[in-house]
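Chain by chain, the residues run as shown.
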Amino acid sequence: MKPSAFAERGEKTWKEVEEALNELDGTRGIVPSASRLPTLFRQVCGDLSLAQYRMYGLVLCERINGLVIRGYGHLNRDRSDLMRALRQGVLEDFPLLVRHEWRLFWLMMACFWLPFWGIYLSSFHDVRWMTSLLGAEALDQLQQGYGEEGGFHEMRDNFGSNFEMFAFYIANNVGIDFRTFAGGILGGVGTLFFVVYNGLHFGAATGYVQQEADIDKFMEWISGHSSPEILGMIFSGMAGMRLGLALIRPGQRSRRHSLAKAANRAVKLLYAAAFLTTMAAVIEGFWSPLRLPVFLKYSFGCSLTLGLISWLLFAGKEERRAA
Amino acid sequence: MAKKLDTLQRIEIAEGVEIQLHLAGPMPRGVAFAIDCLVKAAILIVGSIGCGLIGFICSVLFGWNLGSGLGTGLMIAIAFGLEFVYSIVFEASRWSATPGKRIVGLKVVRTSGAPISWHQSVVRTMLRVVDWLPFFGVTGIITGLCNDRFQRLGDLAADTLVIYAEPGKPKVVASGGDGIAPFRPGASLTREDQGAIVQYADRFREWPARRAEELAEHLRGLTRVEGQEGVSRIVGMAQWIRGEG
């Protein structure tokens, strides 16, 4: 068959597909012509392989190729229900995933808490180490917030400054989470660095306040938001290590394939990290500066921590796969 | 053959046919990135003016003093949104492209050619931080040049490709032989050779005449003629292969 005859024969179908695709391009929903699309699409696929095999030339092949790509895109459109996915993710998939990845979880806990306690305990020996680790500016801020004469209540006198700090915590802490994750692609080294660094940093701040300022004010301040914040960091660390391990130990797969597969899994941990860190920022921005009895603040922090622990331990059923 | 000659990515889809994606290299992607930077800068400027105005209006009309922190806070939120949310949302949207990519005519797809999911969009965007290192996206460019699909680290992890959005418009003006009669090649040709000849006929109008002749010269053994005549003969053979005439 001549190319011209082939084009003439196919033209009607191609036009129809083109119109259906144009209509679909303009909407998120479904248009009447869409019901014919699968049938038409298979015809166009047949036309494409014929045209390619018979070498009908660039113009014809490219036109049909374009139709197939567009049709393929529409037929494979992601139509998953975001809210449903979210609910299932929070209540079932995520806690299961964390329990499944318990080794990474404890690895990250160790990477954070060992440096934390190490540097904190060393503050009893010599507090100058904190000074060199944190820098003068951070020490100043710690003195302002938790020092004898200063106090974090005085620093936050209106809604605006609360909001500013809230936005700052989000941008800063969630940004650190994301970088912790991204650092995983360097064979996990970037992730380890960020987690250990954070452990040192928090440990040094705690140690410095313990020695030179008022540790009670400090505890009151961090009681609310510390558990979601640290958990968020641990999760982003786990996500990053997933990436790194996929490169270091790809198993039976090629590194490329292994990385893509690990990223798909890791990103769920990252969602949880972003969620927890945002939650921490809300608490730190608006709850922690409130002038409330210390007892109330501690109970809030404790119940939040217990809630998070039981969520990780008990949510989701292990046997779901059998169903 | 296209695999050797072109930046085409052939993918076999479930229907059993091969589609050809036109991969975008570092250059168009760099341009798209630069445009995105301009767009973000514009949003940031408009946002800061807007924040200032809101604060001003609140204090003058209603006498509310929200404190300067509110404006600063909003600015931080906007900057954060631009760094991460911007590309995630745009690339996971129906466009499959940030405004910059859309202007340049690019699009992000799965390696299978299907539209990308939210997960993939998130992974790509997060890893941009690493791809940027140490400066100007050097890591991303080097990684892209080290594989055959121009995938930066983010693309590799997310399993995505950046392609030209409208592959249906080749730069060739027209197919057909301009009235050149089909000519039967004097020897039997492999499919690959046939393909090369057909592609030559499809494209020779893009090149200067001298270049077309120079290429035709390589087929001297087959065409047995020189110069412009050799070109027409190859086009004639393409006509014959296509079954035209």
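Nothing here was measured: the structure is a model prediction, and the numbers come from that model.

Draft legend 1. The arrangement of the overall build of chain A in detail. In terms of helices and strands, chain A carries 14 helices and zero strands. Going residue by residue from the N terminus, the α and β elements of chain A occur as α-α-α-α-α-α-α-α-α-α-α-α-α-α. Taking 2.2 N^0.38 as the reference for a compact globule, 323 residues should give roughly 20 Å; the C-alpha atoms of chain A span a radius of gyration of 28 Å, well beyond that estimate. The dimensions of chain A, computed from C-alpha atoms along their principal axes, are 90 × 45 × 45 Å. Per-residue burial over chain A gives 49% buried out of 323 residues. For chain A, the proportion of contacts with a sequence separation of at least 24, taken over those separated by at least 6, is 78%. Here chain A has roughly 16400 Å² of accessible surface; of this, 62% comes from carbon and sulfur atoms. Each charge sign in chain A was given a centre, from 33 positive and 31 negative side chains, and these centres are 15 Å apart.

Draft legend 2. Main features of the domain arrangement of chain A. The domain boundaries assigned to chain A delineate domain 1 (3-75) and domain 2 (82-322). Here domain 1 of chain A and domain 2 of chain A have C-alpha centroids that lie 51 Å from each other.

Draft legend 3. Summary view of the packing of aromatic side chains. Residue and element names in this part refer to chain A. Per the counting criterion, the structure on display carries 29 aromatic pairs over all chains. On the numbers, 5.0 Å between centres and 80 degrees between planes, the contact of Phe94 with Phe235 is edge-to-face. Of this pair, Phe94 sits in helix H4 (residues 82-100) while Phe235 is found in helix H12 (residues 226-248), placing the two residues 141 residues apart along the sequence. Look at Phe94 and you get buried, because its relative accessible area is 5%. Judged by its relative accessible area of 0%, Phe235 is buried. A ring pair is formed by Phe193 and Phe194, whose centres lie 5.5 Å apart and whose planes are at 70 degrees; its orientation type is edge-to-face. Judged by relative accessible area, Phe193 falls into the exposed class, the value being 51%.

Draft legend 4. Representation of the packing of H12 of chain A against helix H14 (residues 294-314) of chain A. Residue and element names in this part refer to chain A. The interhelical angle for the contact between H12 and H14, taken along N-to-C directions, is 35 degrees, at an axis separation of 9 Å. Here Ser227, Pro228, Leu231 and Phe235 of H12 come into contact with H14, specifically with Leu304, Thr305, Leu308 and Leu312. Residue classes in the contact of H12 with H14 are distributed as six nonpolar, two polar and no charged.

Draft legend 5. A look at the interface of chain B and chain A. Chain B puts 60 residues into the contact, and the matching count from chain A is 59 residues. Regarding the contact of chain B and chain A, the summed buried area is about 5000 Å², with carbon and sulfur atoms giving 68% of it. On the chain B side of the contact with chain A, Arg94, His119 and Arg191 of chain B bury the most area, a combined 12% of that side's loss. On the surface where chain B and chain A come into contact, there are two salt bridges. Here Arg256 of chain A makes a salt bridge to Asp148 of chain B, at a shortest N to O gap of 3.9 Å. The interface formed by chain B and chain A holds seven residue pairs in polar contact (both at pLDDT 80 or more) in total. Mapped onto the side of chain B that touches chain A, the elements with two or more residues apiece are strand S2 (18-22), helix H3 (68-92), helix H5 (118-132), helix H7 (153-158), helix H8 (191-203) and helix H11 (227-242) of chain B. It is H3 of chain B that provides the largest number of residues to the side of chain B that touches chain A, a total of 10 residues.

Draft legend 6. Local environment of H4 of chain A. All names here are of chain A. The largest bend in H4 amounts to roughly 55 degrees and is located at Gly89. All of the buried residues along H4 are Gly89, Phe94, Pro95, Leu96, Leu97 and Val98. Where H4 is buried, its residues contact helix H5 (102-122), H12, helix H13 (255-287) and H14.

Draft legend 7. Here's a closer look at the environment of Ile103 of chain B. Residue and element names in this part refer to chain B. In this fold, Ile103 is placed in helix H4 (residues 99-104). With relative accessibility at 59%, the residue Ile103 sits in the exposed group. Distance from Ile103 to Ile35, taken between C-alpha atoms, is 8.3 Å for residues 68 residues apart in sequence.

Draft legend 8. Structural view of unusual backbone geometry. All names here are of chain B. In this structure, Phe136 is a non-glycine residue whose phi angle is positive, near 50 degrees. Secondary-structure assignment places Phe136 in the loop between H5 and helix H6 (138-146). We note that Asp159 has phi near 65 degrees; this positive angle belongs to a residue other than glycine. According to the relative accessible area criterion, Asp159 is partly exposed, its value standing at 30%.

Draft legend 9. The arrangement of the pairing of S2 of chain B in detail. Judged from the five bridges that link them, strand S1 (residues 8-12) of chain B and S2 of chain B form a sheet pairing that is antiparallel. Bridge pairing links Glu12 of chain B to Glu18 of chain B in S2 of chain B.

Draft legend 10. Seen up close, the packing of H12 of chain A against H13 of chain A. Residue and element names in this part refer to chain A. Look at H12 against H13: their axes get within 7 Å of each other, and the N-to-C directions meet at 170 degrees. Here H12 lies roughly antiparallel to H13, going by the angle between them. Partitioned by chemical class, the residues of the contact of H12 with H13 number 21 nonpolar, four polar and five charged.

Draft legend 11. Up close: the pattern of salt bridges. Residue and element names in this part refer to chain B. A complete count under the given rule lists 20 salt bridges over all chains for this structure. Arg124 serves as the salt-bridge partner of Asp155, at 2.7 Å between the closest nitrogen and oxygen. Remark: Arg124 occurs in helix H5 and Asp155 occurs in helix H7; sequence separation between them is 31 residues. Per residue, the accessibility class of Asp155 equals that of Arg124, and both read buried.

Draft legend 12. Main features of a nonpolar patch on the surface. On the surface, a cluster of nonpolar side chains totalling about 840 Å² of accessible area is made up of Ile45, Ile49, Leu53, Phe56, Ile57, Val60, Leu61 and Phe62 of chain B. Inspection of the secondary structure assignment puts Ile57 of chain B in helix H2 (residues 26-62).

Draft legend 13. Examining the nonpolar core more closely. With 75 residues, the main nonpolar core has Phe235 and Met238 of chain A as its most contacted residues. Sort the elements by how many residues they give to this core and H13 of chain A lands first, with 12 residues. Those residues in contact with Phe235 of chain A, other than ones at most four positions away along the chain, are Phe94, Val98, Phe105, Leu269, Ala272, Ala273, Leu276 and Leu312 of chain A. In this structure, Phe6, Leu40 and Tyr56 of chain A together with Leu23 of chain B belong to the second largest nonpolar core, which totals 34 residues.

The rules behind the values
Residues numbered from 1 in each chain as written. Chains lettered and ligands numbered in written order. Predicted model: local features only at pLDDT ≥ 70, side-chain atom pairs only at ≥ 80, totals over all residues. Heavy atoms only, no water. Helix = DSSP H or I, 4+ residues; strand = E, 2+ residues; numbered from the N terminus. Rg over C-alpha atoms; globule rule 2.2 N^0.38 Å. Buried < 20%, exposed > 50% of the residue type's maximum accessible area, 1.4 Å probe, protein only. Contact = heavy atoms within 4.5 Å. Areas by Shrake-Rupley, 256 points an atom, 1.4 Å probe, with all protein chains shown as cover. Lys, Arg positive; Asp, Glu negative; His and termini not counted. Charge placed at Lys NZ, Arg CZ, Asp CG, Glu CD. Domains from an automatic or database assignment. Phe/Tyr/Trp six-rings, centres within 6.5 Å; stacked < 30°, edge-to-face > 60°. Axes fitted to C-alpha atoms, helices over the stretch in contact; angles between N-to-C directions. Nonpolar A, V, L, I, M, F, W, Y, C, P; charged D, E, K, R; others polar. Buried area = accessible area lost by both parts, 1.4 Å probe. Salt bridge = Lys/Arg side-chain N within 4 Å of Asp/Glu carboxyl O. Polar contact = N/O pair within 3.5 Å; in protein donor to acceptor, adjacent residues only side chain to side chain. Bend = angle between axes of the 7 residues up to and from the residue. Pairing = 2+ DSSP bridges. Parallel < 35°, antiparallel > 145°, perpendicular 65-115°, else oblique. Patch = residues over 30% accessible without salt bridge, like charges linked within 9 Å, V, L, I, M, F, W, Y side chains within 5 Å. Core = buried A, V, L, I, M, F, W, Y, C linked by side-chain atoms within 4.5 Å.

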